[in-house]
Amino acid sequence: MEKLLNFIDGSYVEPISGDYIDNFEPATGKVYSLIANSDERDVELAVKAAEKAFPIWSSMSIEERSAIMVRLSEGIQNRMDEFVAAESRDNGKPLTLAAHVDIPRAVSNFHFFATAITHFASESHYMEGLGVNYTMRKPIGIVGCISPWNLPLYLFSWKIAPALAAGNCVVAKPSEVTPYTAYLLGKVAKEAGMPDGVLNILHGLGGSVGDAIVKHPKIKAISFTGGTKTGEYIARTAAPMFKKLSLELGGKNPNIIFADCDFDDMLSTTLRSSFANQGQICLCGSRIFVERPIYDKFKEAFVAKVAKTTVSNPTDPKAILGAVVSKPHMEKVLSYVELAKEEGGTVLTGGERVLLEGEYKDGYYLRPTVIEGLAYDCRTNQEEIFGPVVTITPFDTEEEVLMMANSTQYGLAATLWTSDLKRAHRMADKIQSGIVWINSWLVRDLRTPFGGVKASGVGREGGWEALRFFTEPKNVFVKY
Ligand code: NDP
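This report concerns the structure included in the present document. (Residues numbered from 1 in each chain as written. Predicted model: local features only at pLDDT ≥ 70, side-chain atom pairs only at ≥ 80, totals over all residues. Heavy atoms only, no water.)

Reading across from one edge, β1-β5-β4 is the order of the three strands in this open sheet, with mixed pairing throughout. Every other strand in the sheet has two partners, leaving β1 (3–4) and β4 (20–25) as the edge strands with one partner each. (Pairing = 2+ DSSP bridges. Helix = DSSP H or I, 4+ residues; strand = E, 2+ residues; numbered from the N terminus.)

Along the polypeptide, aspartate 81 turns up in helix α3 (residues 80–91). Sequence spacing of aspartate 81 and phenylalanine 7 is 74 residues, and the spatial spacing of their C-alpha atoms is 22 Å.

What follows deals with helix α1 (residues 40–59). For α1, spanning 20 residues, the distance from its first C-alpha to its last is 28 Å, which sits close to the expected 28 Å at 1.5 Å a residue. Along its length, α1 shows its largest kink, about 45 degrees, at alanine 53, and proline proline 55 lies within four residues downstream of that point. (Expected span 1.5 Å × (residues − 1). Bend = angle between axes of the 7 residues up to and from the residue.)

Near the ligand, the surroundings consist of 32 residues, among which Gly227, Thr230, Leu249, Cys282 and Glu384 are the closest. Glycine 204 has a polar backbone atom sitting 3.4 Å from an oxygen atom of the ligand. The separation between an oxygen atom of the ligand and a polar main-chain atom of glycine 206 is 2.9 Å. Most atoms of the ligand, that is more than half of them, are within 2 Å of grid points of the largest pocket. Of all the elements in the fold, those that place two or more residues in the shell around the ligand are α7 (206–215), β11 (219–225) and α8 (228–238). Sort the elements by how many residues they give to the shell around the ligand and α7 lands first, with four residues. Class assignment for the residues of the shell around the ligand results in 15 nonpolar, 12 polar and five charged. (Near = heavy atom within 4 Å. Polar contact = N/O pair within 3.5 Å; in protein donor to acceptor, adjacent residues only side chain to side chain. 1 Å grid on protein atoms, 1.4 Å probe; cavity = no way out; pocket = protein on both sides within 12 Å on 5 of 7 lines; lining within 4 Å. Sits in = over half its atoms within 2 Å of the grid points. Nonpolar A, V, L, I, M, F, W, Y, C, P; charged D, E, K, R; others polar.)

Note on placement: threonine 178 falls in the loop between β9 (169–173) and α6 (180–191). Excluding its chain neighbours within four sequence positions, the residues that come into contact with threonine 178 are Asp90, Asn91, Pro148, Trp149, Pro152 and Val325. (Contact = heavy atoms within 4.5 Å.)

Turning our attention to empty space enclosed by the protein. Evaluated as defined, the whole model comprises five cavities of 30 Å³ or more. For the largest cavity, the calculated volume is near 110 Å³. Lining the largest cavity are 16 residues, with Gly279, Ile281, Cys284, Ser286 and Phe386 sitting closest to its centre. The residue inventory of the lining of the largest cavity, partitioned by class, reads seven nonpolar, seven polar and two charged. Of the volumes computed, that of the second largest cavity is approximately 60 Å³. (Points joined across faces, edges and corners; volume = space filled by probe spheres on them.)

In this section: the pairing of β4. The side-chain alternation of β4 yields one buried face, formed by Ile21, Asn23 and Glu25, and one unburied face, formed by Tyr20, Asp22 and Phe24. Sheet analysis places β4 next to strand β5 (residues 30–36), joined by six bridges and oriented antiparallel. In the strand pairing of β5, aspartate 22 is matched with leucine 34. Taken together, β4 and the strand that follows it, β5, pair antiparallel across an intervening segment of four residues, in which glycine 29 is found at a positive phi of about 75 degrees. (Buried < 20%, exposed > 50% of the residue type's maximum accessible area, 1.4 Å probe, protein only.)

This is how it looks when you write it as structure tokens:
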């Protein structure tokens, strides 16, 4: 069976432990490859390689660094089919989604930061009659990047690209649940001419290799995307070492629908914002609030559309939903449906596993689920489910819906549907979240700040925010 090895110092190497973990294909429930089970010894090797590479990479001209990263981006583009097939197989998402969203976005991430760095500038502050301050922004050194399973290469590259562009060397770990495209990336980096040791990719469990990255004293910054509980642990571990931290964590996002919205546009977008990627996007709107005058109309139209949504194996071009990422995750999502029923909710559609036939009979498929009749503050409406499950709740006033929307510990993204411009601005101002989409969802401009407030994270990614995170400012004052 194929072994997914670590990529350290420009070569694929076995983990020092010699151990491997099973890699499951969600569509079939079968093991199809083996993942290096790395630990702190592999992290030590990666850090040594990165230390050796740092003087080379950080002193390279920006143009040269940028050119290597552009070639890396093109390298993924040239292997589009291989990456798309790998992402879909590893994660369970429909091939069409990997082809239209995940891999093109990984290509853009590298290209965007390869060119952004050529425009990145630092500040100078003139003091009348006294002198001038200028600020240098230098790479930090060795940085750690840890990413989750839902958008594997998309989120992995979203961290690695700005880290590398800013001149850092990277020790990175993809999720052990979806390591395949990160494994392929080593080859492409090598072909692009990236010096050995600049990008090191380690595989294995969060609790061992991930933890060792967070704890290593020579890794000076950690960029992490994942669950809030893991983020809390990482913050507790890294803060006493005074590491820079960027944490992109969970969400429980409100989708607020006013009666004056463009109903058709709202309906088709709400279908996507609820169930894209099997609902496993941190930005999905899992709590849908609908203004009472259109509640019944919305409920009828939405449930009818959801009930007709095709759940199928990821290679089926008709699949709107593929498999969820793992058996434990499928079980977790189903347990939340049970909880919702205990809390007095009514399942309007879905709520169960879909059993396909033939080679897909053991795959992890769930029917998209809509639940109503729950209190805004029950566990189902407060905890992140991260699957194809949404709740619908009516509201009467702006104040009431703002109170319900802001009631969770999270604050990542919010969606608003209304044709009243003043209300849109008023609500956007008062919603507690890092991102607000008005009459749209998941429209991304890579220059904008990306991230959440409250338990959804610390810091922002994207554009200058990411390049600032991955550099250390030093101010110099010169007296006249
Ligand atoms: P986890 O927090 O379980 O894992 C994320 C990554 O951290 C994985 O690579 C994991 O490895 C690793 N990890 C786990 N434990 C540790 C540890 N002690 N030290 C260091 N690394 C560790 O999240 P999931 O992979 O389950 O991803 C889903 C979560 O990610 C959801 O909560 C979702 O909201 C959030 N997310 C947030 C986004 C945002 O931008 N705010 C975007 C996308 C997802 P392993 O896989 O081996 O456990």
